[in-house]
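Structural characterization, general
Single-letter residue listing:
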Amino acid sequence: MPLLEVSKLSKSFGGLVALYNFNLAVEQGELIGLIGPNGAGKTTVFNLLTGLYPPSSGKMVFAGKDLRGKKPHQITRMGIARTFQNIRLFGNLTVLDNVKIAYQSGHNYGLIPAFFRLPPFQKKEKEIEEASLELLEIFRLRERAGERAANLPYGEQRRLEIARALATKPRLLLLDEPAAGMNPQETKELQSLIRWIRDHFQLTVILIEHDMSLVMGVCERVVVLDYGSIIAEGTPEEIKEDPRVIEAYLGEEGVAS
Amino acid sequence: MQEFFQQLLNGLSLGSIYALIAVGYTMVYGIIQLINFAHGDVLMVGAYVGLGMALAGFGLVPSILVAMLVCAVLGVVLERVAYRPLRNASRLAALTSAIGASLFLEYGMMAVFSPRTRSYPVLLPDKIYNFYGIRIATKDFLILGTTLVLVVFLQYIVYRTKTGKAMRAVSFDKDAARLMGINVDSTIAVTFALGSALAAAAGVLIGIYFNAVYPLMGLMPGLKAFVAAVLGGIGNIPGAMVGGILLGMTEALVSGYGGSMFRDAVAFAILILILLVKPTGLLGTRVEEKV
Amino acid sequence: MKEKNWFQTLIIFIVLFAVYGVVQLGISENLISDYYQTNIFLAGINIILAATLNLINGFTGHLSLGHAGFMAVGAYTSVVVTMKLGYPFPLAVLAGMVFAAVVGFIIGLPTLRLRGDYLAIATLGFGEIIRVILVNVEYLGGATGILGIPRLVNWTWLFWGTVLTLVLIRNFVRSSHGRACLAIRENEIAAEMMGVNSTYYKVLAFVLGAAGAGFAGSLYAHYFYVIQPSKFSFLLSFDILVMVMVGGLGSLTGSCVGALLLTVLSALLQNFPEFRMVLYAVMLIISAIYRPQGLFGDKEISAQLLSRWGGIFRATSRSE
């Protein structure tokens, strides 16, 4: 049974069809790239999967459970985490707090222990702090733990977003343009990082990306969206040769010339 | 039954006033997504200006027009001083500034003109007509007539002029509108001017209808008009009118049938209800935040 | 690190007991006049009000304008419990807080579930309705209110009540629950996506804030002998908002300073009420535009901050 099974998923805003009849089956451990021109509906897929928008029609089943009608935080607790195209860190909070917030959803204590600092508070807080620092260590952000997240350089903000997403202990990680704004060197590092976290955390990853070197270098399977529909699907090599993909990216004139 | 229709008519008058105020709220909310807390106080200033004109011996029409003009300017100034610097700030900061503006107008007015309640001189013959047992006063004609004229005028501006087109474009997508060469700042200013002018007209009408002008007179009508705007679907002009009239009628019926103590509570009960049942309002469409 | 914390706590306790003891002595020996006593009590109640409102406005990022209304609910409920039902005062305080919290829940749930920015209007309207209802209910004394309330609150109650409120709020804010509230303030969508149930936490913060206002109300009623609906008008809500804004959204010590500052200002300007409100209005606009973070931002006054101001940089050098 696939980890995630999406069938005939559609979404329209008013008259505008953002996504039409989207089908995708993802096996445990896969690393899938989702590409397509701007406005093709890639982020819409993520927004539907994470419960930010209700779908207009179609089915989404994750680990045997229906995702429709679930609130975003419920979906997160079911094991789907994501990053955002436009970074959405908790800018005025410290780097450490950013991770703690994500980590604590599964490791909480009641209100009374919080108000009076009772033993459960002490114990869990220690646990949350240690685990969060450990995660920051992996992402080489431990020295930054006490800084305001908004003060980090761009590349580190992107890394922190991934670290924060991982703190929710996901089985499926959705990365929305993680390489946007990174230089080639950083992108290369990101490539090995993505592979490494997939193996280390036994994750399944879906990646939206415009940087073709990253997609081709890291993904085992690529799905191409255009105007809300899938126009091609296959290994990176197959996708590179597919005339429909080339047309979608370069336009008809591009093909002709 | 006759009593019922009488209350309905009273509600229609009251509701038209709410509608006039609600339209201003909804226009401003539609264009900058800010609850203009000072809107009710612009109404109060309008009532004072109209009163001043009337006391100086001017007739009804010039009084309303001058009040509208003065408040249009006031609206632009408010936007410039208290709202524009905060356009990219947090929502909370913008709301706080709006509240500050509201307090400033209320207590500034109180400091200058004292908290005393004043009343309009007689501007039109106080006659009551009787249609099959339903009493209609000249006031009611005045209110319904003024509202109708202003609403038609507004519809013309929003849907038939270039400025109106710019307003709709800006409320739809500020950045895209700017790229199309629309001057976003001045479009927002025009929106404030229009909304404030309508509020001023409503202020004069309220002053005449309840025969009372005082510095805090804008508070309750302002709050209720906001509820009317939400009821109709915030950001939606026809919605604000429908919401205003519905609210006015509900309120009149409640107070007419013995619940006068709760007439002020009606609006907020409606607000809570509409948020629970149909948060987008009666005519509103669902707006999803872009992620 | 641990030892330093203990040391700090000890210092704080010594300072607290010193302040408590000195004022207590002043009151028992009649060294502090009634005028100053009144203002000291007002200051304490204002601190509770500002700190609990900050929980909603500053830490969770949603504007509430109904704090005076919740205070009224607490005040009237507690007075009914002590005067009309004859139960002991602690029970009355509890009842006042619980009832204020319940009312807060009824208003907060529908408004916060959807659009946080409607909360401002809903709470402002609610505050006014509370006032209108109080004026019209004969049982509660109508517009004249309730007179002759026994003075059951003394300096001990007020001082330790204020300290307890501050400690509890601080503990809440620095717990996982408080972090969830901060996350919502910073970015609600991201907070949801990190597994934070945003509706639950928004309503929770609002209800806790309302309960705190109810606490302040019951202390107020049982110190000043009299409660009247007009005392709890929206003007009081605005006063509290100004305290929070001036002190800094998200700073508890800021709220204390803001509350003290405004208590002094209102005492000085009590003969010029209109001028006072115009001044507050200007303070609100200016603080929103130029310093939305208030005097202290979300910083707390701490030994570290003070030593930094004193020009001793050893605390900051490690962050370079």
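Residues numbered from 1 in each chain as written. Chains lettered and ligands numbered in written order. Predicted model: local features only at pLDDT ≥ 70, side-chain atom pairs only at ≥ 80, totals over all residues. Heavy atoms only, no water.

All names here are of chain C. In this model, helix α11 (residues 252–268) (17 residues) spans 24 Å end to end at C-alpha, consistent with the 24 Å of a helix rising 1.5 Å per residue. Every buried residue belonging to α11 is among Leu252, Gly254, Ser255, Cys256, Gly258, Ala259, Leu262, Thr263 and Ala267, and all of these are buried. Among the structural elements, α2 (34–59), α6 (155–173), α10 (234–247) and α12 (273–290) are those in contact with the buried residues of α11. Two to three positions downstream of the cap, the backbone nitrogen of Gly254 sits 2.9 Å from a side-chain oxygen, assigning the N-cap of α11 to Ser251. (Helix = DSSP H or I, 4+ residues; strand = E, 2+ residues; numbered from the N terminus. Expected span 1.5 Å × (residues − 1). Buried < 20%, exposed > 50% of the residue type's maximum accessible area, 1.4 Å probe, protein only. Contact = heavy atoms within 4.5 Å. Polar contact = N/O pair within 3.5 Å; in protein donor to acceptor, adjacent residues only side chain to side chain.)

Right, let's get into the domain arrangement of chain A. All names here are of chain A. Each domain of chain A was delimited in the assignment, giving domain 1 (1–79 + 170–257) and domain 2 (93–168). The centre of domain 1, based on its C-alpha atoms, is set 28 Å off from the matching centre of domain 2. For the pair domain 1 and domain 2, the summed buried area comes to about 1,200 Å², and 74% of that belongs to carbon and sulfur atoms. When the buried area of domain 1 at its contact with domain 2 is split by residue, Pro170, Leu193 and Phe201 rank highest and sum to 30% of it. Counting the contacts that link domain 1 with domain 2 gives one salt bridge. Residues Arg140 and Glu189 are paired through a salt bridge, measuring 3.5 Å at the closest nitrogen-oxygen approach. Linking domain 1 with domain 2 are three residue pairs in polar contact (both at pLDDT 80 or more), by the criterion used here. At the level of elements, α2 (72–78), β7 (172–176) and α7 (184–200) are the ones that each hand at least two residues to the side of domain 1 that touches domain 2. (Domains from an automatic or database assignment. Buried area = accessible area lost by both parts, 1.4 Å probe. Salt bridge = Lys/Arg side-chain N within 4 Å of Asp/Glu carboxyl O.)

Quick look at the pattern of salt bridges now. Going through the model one piece at a time under the given rule, you end up with 23 salt bridges over all chains. Across the pair A:Glu156 and A:Arg144 runs a salt bridge, and its minimum N-O distance is 2.9 Å. One end of the pair, A:Glu156, is in helix α6 (residues 154–167); the other, A:Arg144, is in the loop between α5 (119–138) and α6, and 12 residues separate them in sequence. Judged by relative accessible area, A:Glu156 falls into the buried class, the value being 15%. Measuring nitrogen to oxygen at the nearest pair gives 3.0 Å for the salt bridge that ties A:Glu220 to A:Arg198. Taken together, the residues A:Glu220 in the loop between α8 (212–218) and β9 (221–226) and A:Arg198 in helix α7 connect sequence positions 22 residues apart. Residue class for A:Glu220 comes out partly exposed when judged on its relative accessible area of 40%. What emerges from the salt-bridge pattern is a single network uniting B:Glu79, B:Arg84, B:Arg87 and B:Asp185.

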